[in-house]
Amino acid sequence: MRDSKCEEIRIVLGAVADKVFRAKKAEEFLRGEKVTDAMIEEAGKRASQEAQPITDVRSTSEYQKSDD
């Protein structure tokens with residue numbers, strides 16, 4: 001953070017794809033912007049859209065992608 005703006009960020013997701021990965025679209029959305037609660041919520045939505053869950057012993061991919 002610099003001057004209330006996100007200068008650099010890394011968002012890493014696990015257990016929502018076949019391997020751990022960075023949510024680069026969500027990172028780009030926040031980079032250079034003033035961080036607010038609304039911005040964080042939107043970045044979370046964007047990160048969830050990048051997720052590619054698989055069906056495994058824990059649950060189905062459909063369940064992992066649901067908003068419930």
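Residues numbered from 1 in each chain as written. Predicted model: local features only at pLDDT ≥ 70, side-chain atom pairs only at ≥ 80, totals over all residues. Heavy atoms only, no water.

1. Structural notes on the nonpolar core
Part 1: Of all hydrophobic cores here, the largest spans 13 residues; its most connected members are Ile-11, Leu-13, Ala-23 and Leu-30.
Part 2: Other than its neighbours up to four places away in sequence, Ala-23 contacts Ile-11, Leu-13, Ala-47 and Glu-50. (Core = buried A, V, L, I, M, F, W, Y, C linked by side-chain atoms within 4.5 Å. Buried < 20%, exposed > 50% of the residue type's maximum accessible area, 1.4 Å probe, protein only. Contact = heavy atoms within 4.5 Å.)

2. Side note on unusual backbone geometry
Part 1: Even without a glycine there, the phi angle at Asp-3 is positive, about 50°.
Part 2: Under the relative-accessibility criterion, Asp-3 is labelled exposed at 70%.

3. Comments concerning the environment of Leu-13
Part 1: Relative to the assigned elements, Leu-13 resides in strand E1 (residues 12–13).
Part 2: Leaving out residues up to four positions away in the same chain, Leu-13 has contacts with Lys-19, Val-20, Phe-21, Ala-23 and Ala-47. (Helix = DSSP H or I, 4+ residues; strand = E, 2+ residues; numbered from the N terminus.)

4. A short note on the pattern of salt bridges
Part 1: As enumerated under the stated definition, the model contains seven salt bridges in all.
Part 2: What emerges from the salt-bridge pattern is a single network uniting Glu-8, Arg-10, Glu-28 and Arg-31. (Salt bridge = Lys/Arg side-chain N within 4 Å of Asp/Glu carboxyl O.)

5. Observations regarding the side chain of Glu-27
Part 1: With respect to the secondary-structure elements, Glu-27 resides in helix H1 (residues 24–30).
Part 2: Judged by relative accessible area, which is 2%, Glu-27 ranks as buried.
Part 3: Within the structure, the side chain of Glu-27 is placed 2.7 Å from the side chain of Arg-22, a separation counted as a polar contact.
Part 4: Excluding anything up to four places from it in sequence, Glu-27 contacts Ile-9, Arg-10, Ile-11 and Arg-22. (Polar contact = N/O pair within 3.5 Å; in protein donor to acceptor, adjacent residues only side chain to side chain.)

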